[in-house]
Amino acid sequence: MAGEKRYDVLIIGGGAVGCAVARELGRYHCSVALVERCADVAAGASGRNSAVVHAGFNNPPGSLMAQMCVEGNQGFAALCQELDVPYKKTGKLLLALDLGDMATLLRLQTQGERSGCRGLELLGEEELHALLPQVEGIGAMHSPETGICDPFLYTVALAENALANGAEFFLKHPVTAIQRQPEGGFAVTAGGKVFHTRFVVNCAGLSSAQVAALAGVERYRIYPCRGQYFILDQVPKDYLPMPVYPVPKEGEGGLGVHLTPTVHGNVLLGPSAEYIDDPEDTASTKEILDQLFQQAQQLLPSLERGQIIGAYCGLRPKQTPPGKGGYRDFVIREEADCRGLINLIGIESPGLTASLPIARGVVGLIGQSMPLAEKEDFDPTRRGIPRFREKNAQGQAVLIARDPDYGEIFCRCQKVTKAEIRQAIENPLGVRTLSGIKYRAWATTGRCSGGYCLPKIAQLLTSEYGLAPEELFYREENSPLLTGRVK
């Protein structure tokens, strides 16, 4: 092999949970590496979801899902402040369309209160429309602790903070073999390297059952469940100030088609819940998107198709098979028949909200077998890219004085400057894909979908950062921006 490396802990998977584990292990004197098959972190479910910080009432009291969701929710604002990640506590409404829905809301309120959710309140029709007159329903449950965040930046921030505290990241390193060693520990082959490690933490999401099987644990199965979304153009703040959900239906693979404002000013419609065979299939389909719009319009009648500027898909790693739906609890355990292998299986929603408590649980499992001494110099903070569009005139002048590239707009839709693009290109993880730059700086996400700024970013990458035109990839090496020369 090209090289062999030795670590105390090897994390497989660079989603929110894997990066949270790397960040939490950074508090201790131990060597940590994370391998990710894709060219960036948050390339799977962590970067393709509703971006909601859930309160914790949807899951049975006493389950890991409920416990960790409530704990994660109640610490999320402080964590985002440490990591300089956009977060907003918006509250959330579950809308009842009939009397059966109202009975379900009463059950959810009781369930949530037993799990420690705060402030859950049932609303009648008049109270509902006094709070949010633009929605439909005969009543609702208000969850004041629900919030929204930027899930991609959240994952990136966890990774950057872990990196700053000593973790090593190996992107484009798919795991192809895991061998148990006679003396204990594992030899993990990933991306042409062999990683020797005492512990393997399997945070591989949709591939978690396959990774477990590579280590000889074959009792798990994951069923990919696709969720399609529409993206609406930016809207006034009072258009939809909080997420609006239908009452969840028994046996469905998700929480139903809902409407969610984003921290960037857009609104998301979705997701669907379609069991599929291919865990790589993130294609949008007209039939499902049409259904999404119709279902969302039942909740918000003022919706218009002209507001739509894009669509995307995410995949949930479900343990429940087609025909059954619903949820099974998170699996977070060190395998008794494979000591040192810590499996995280079925980490679907609310996995993003619960990511830090999950990470603490993993650290606790490791600490049962390996002494973990705290570092005195652990730094929990990380600073993000200063956003030109978020500053007032005086603040913008300060940024321009500090760096003249803040005076050149690259993305007109989102008012992203050349300085922000540069900082995204020069990110600590070394990611140079166009999607990586997009999600770090938020360029190309406006109504023109990059028609103005994408050529400018490509030119900057080739003229000032030395990339050849053939090296410009959107997300992975199978997604080139250019396919050849014409002269």
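Model, not experiment: these values are computed from the prediction. (Residues numbered from 1 in each chain as written. Predicted model: local features only at pLDDT ≥ 70, side-chain atom pairs only at ≥ 80, totals over all residues. Heavy atoms only, no water.)

Colleague: It is not clear to me how the pattern of salt bridges should be interpreted in this structure. Could you clarify?
Modeller: Oppositely charged side chains can pair when the atoms bearing their charge come close. Counted under the stated rule, the structure contains 26 salt bridges. As a salt-bridge pair, Arg383 and Asp84 come within 3.6 Å of each other at their nearest N and O atoms. Separated by 299 residues along the polypeptide, Arg383 in the loop between α8 (355-367) and α9 (393-402) and Asp84 in the loop between α2 (64-83) and β4 (87-89) bring together distant segments of the chain. Among the residues examined, Asp84 registers a relative accessible area of 35% and is labelled partly exposed. Here Arg382 ties to Glu160 by a salt bridge, and the two come within 2.9 Å at their closest N and O atoms. Of the two residues, Arg382 sits in the loop between α8 and α9 while Glu160 sits in helix α5 (residues 151-164), which places them 222 residues apart along the sequence. Salt bridges sharing partners connect three or more residues here, namely Arg23, Glu24, Arg27 and Glu82. (Salt bridge = Lys/Arg side-chain N within 4 Å of Asp/Glu carboxyl O. Helix = DSSP H or I, 4+ residues; strand = E, 2+ residues; numbered from the N terminus. Buried < 20%, exposed > 50% of the residue type's maximum accessible area, 1.4 Å probe, protein only.)

Colleague: Please explain the nonpolar core as it appears in this structure.
Modeller: Within soluble globular proteins, side chains that are nonpolar tend to cluster in buried spots. Grouped together as the largest cluster of nonpolar side chains are 57 residues, with contacts concentrated most on Ile11, Tyr154, Phe169, Val201 and Leu344. With residues near it in sequence (within four places) discarded, Phe169 still touches Cys19, Ala22, Leu34, Val41, Ala159, Ala162, Leu163 and Leu429. Residues Leu232, Leu240, Val257 and Leu289 belong to the second largest nonpolar core, which totals 26 residues. (Core = buried A, V, L, I, M, F, W, Y, C linked by side-chain atoms within 4.5 Å. Contact = heavy atoms within 4.5 Å.)

Colleague: Explain the side chain of Thr433 here, please?
Modeller: Along the chain, the position of Thr433 falls in the loop between α10 (418-425) and α11 (434-441). Of note is the side chain of Thr433, whose polar atom sits 3.0 Å from the backbone nitrogen of Gly436. Those residues in contact with Thr433 that sit more than four places away from it in its chain are Ala39, Phe473, Tyr474 and Arg475. (Polar contact = N/O pair within 3.5 Å; in protein donor to acceptor, adjacent residues only side chain to side chain.)

Colleague: Sorry, what's going on with the environment of Leu356 here?
Modeller: Along the polypeptide, Leu356 turns up in helix α8. The exposure class of Leu356 is buried, given its relative accessible area of 9%. For Leu356 and Gly227, which are 129 residues apart along the polypeptide, the C-alpha to C-alpha distance reads 24 Å. Sequence-distant contacts of Leu356, defined by excluding residues within four places in its chain, comprise Ala20, Arg23, Glu24, Leu79 and Tyr154.

Geometry only, nothing functional implied.
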